[in-house]
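Structural features, examined
Below, each chain spelled out in residue letters.
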Amino acid sequence: MSWTENDVPTQAGRVAVVTGANTGLGFETARVLAQKGAEVVLAVRNTDKGAEAVRRITAAAPGATVRVQRLDLGSLAAVRDAAAELRESTPRIDLLINNAGVMYPPKQTTADGFELQFGTNHLGHFAWTAQVLDLLFDVPGSRVVTVASLAHRIRASIHFDDLQWERSYDRVAAYGQSKLANLLFHYELQRRLEARAAERGTVAIAAHPGIADTELVRNLPAVLQKAQVVAPLFSHDAAHGALPQLRAATDPGALGGQYYGPDGLGERRGAPKVVASSAQSYDLDLQRRLWAVSEELTGVPFPV
């Protein structure tokens, strides 16, 4: 049977924090969670767009509790400030959904000098999660959902000798590195959570949307921009692209360490199911090495 947003159980009494929730997959995820009764925090860089997203969500879910938290994942100082603000307003979190990301931009760096995709997609979320993770501890059914991508298989490896692409820049390979890093982080986080977890402890689950028509495609290389003409033949819209992360976040049967993606050909579109990631993403040594490097680069230790 196909799993749809109608299968999301009630989220009444739960608090969900969704990064990048003003548009695309994050918006659709926040919308469904709000409609199912969750209190939803939109953690976004642009608070004006966040406010507009709140308006749209509350129009679809009258009476829903939805608010904006400024979060700029491209600045470690801003991440630290956002985490402190969230801690003041939000004493506990049930769902932390790390959805925000950038894809295929021209060569740019974050405020801290990291290559933009690696710095935002991985290091920003790494530091963010580290500083709010304890708000999930001892909350029954709490989950950290990491949104990865099919791109973790495309020319992807962790370039420890040049993580910031200072020698030469390949935006496709750099995006692949950042999404592979997301999965390496996910599996290592789950292992660390298991080591501390009591019964019903916090778990980490990952998901990918397949090929979804969102604003991320705006930086596609020219040759891929031309392919957008036939994109509807092998992609789906943002609402369907959000289903894997919604299932990872809410399915009572989901387990820590699982990875959800579409069930269609090549996992490009379809209903969400448990899928496998690349062999590289399961490499324990790679997971541990990246974790240590990430703590060093961000200066943020994890509570697990």
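In the block above lies the structure referred to throughout.
All values derive from a computational prediction rather than experimental measurement. (Residues numbered from 1 in each chain as written. Predicted model: local features only at pLDDT ≥ 70, side-chain atom pairs only at ≥ 80, totals over all residues. Heavy atoms only, no water.)

A closer look at the overall build of the protein chain
Regarding its fold elements, the protein chain presents 9 helices and 10 strands. Relative to the 2.2 N^0.38 estimate, which gives 19 Å for 304 residues, the radius of gyration of the protein chain is 18 Å and therefore close to what a compact globule would have. Projected onto the principal axes, the alpha-carbon positions of the protein chain cover approximately 50 × 45 × 35 Å. A total of 304 residues make up the protein chain; the buried ones form 57% of that total. (Helix = DSSP H or I, 4+ residues; strand = E, 2+ residues; numbered from the N terminus. Rg over C-alpha atoms; globule rule 2.2 N^0.38 Å. Buried < 20%, exposed > 50% of the residue type's maximum accessible area, 1.4 Å probe, protein only.)

Focus: the environment of Tyr 169
Mapped onto the secondary structure, Tyr 169 falls in the loop between β5 (143-147) and α5 (171-196). Owing to a relative accessible area of 24%, Tyr 169 belongs among the partly exposed residues under this scheme. As a C-alpha pair, Tyr 169 and Lys 107 span 62 residues in sequence and 6.7 Å in three-dimensional space. Not counting residues within four places of it along the chain, the set of residues in contact with Tyr 169 comprises Pro 105, Pro 106, Lys 107, Glu 115, Gln 117 and Ala 174. A distance of 2.9 Å separates a polar side-chain atom of Tyr 169 from the backbone oxygen of Pro 105. Among the polar contacts listed, one links the side chain of Tyr 169 to the side chain of Gln 117, at a separation of 3.0 Å. (Contact = heavy atoms within 4.5 Å. Polar contact = N/O pair within 3.5 Å; in protein donor to acceptor, adjacent residues only side chain to side chain.)

Looking at the side chain of Arg 143
Mapping Arg 143 onto the fold places it in strand β5. For Arg 143, the side chain forms a polar contact with the main-chain oxygen of Ala 248, separated by 2.8 Å.

Some thoughts on the packing of aromatic side chains
Applying the stated criterion across every chain yields a total of 8 aromatic pairs. With centroids separated by 5.3 Å and ring planes inclined at 75°, the aromatic side chains of Tyr 104 and Tyr 175 adopt a geometry described as edge-to-face. You can see Tyr 104 sitting in the loop between β4 (95-98) and α4 (116-132) and its partner Tyr 175 sitting in helix α5, a full 71 residues away along the chain. The buried category is assigned to Tyr 175, whose relative accessible area is 5%. Here the aromatic residues Phe 126, Phe 185, Trp 291 and Phe 302 are joined through ring pairs into a cluster of three or more. Seen from the ring of Phe 137, Arg 196 lies directly overhead, with NZ or CZ sitting 3.8 Å from the centre. (Phe/Tyr/Trp six-rings, centres within 6.5 Å; stacked < 30°, edge-to-face > 60°. Lys NZ or Arg CZ within 6 Å of the ring centre and 35° of its normal.)

In short, geometric facts, not functional conclusions.
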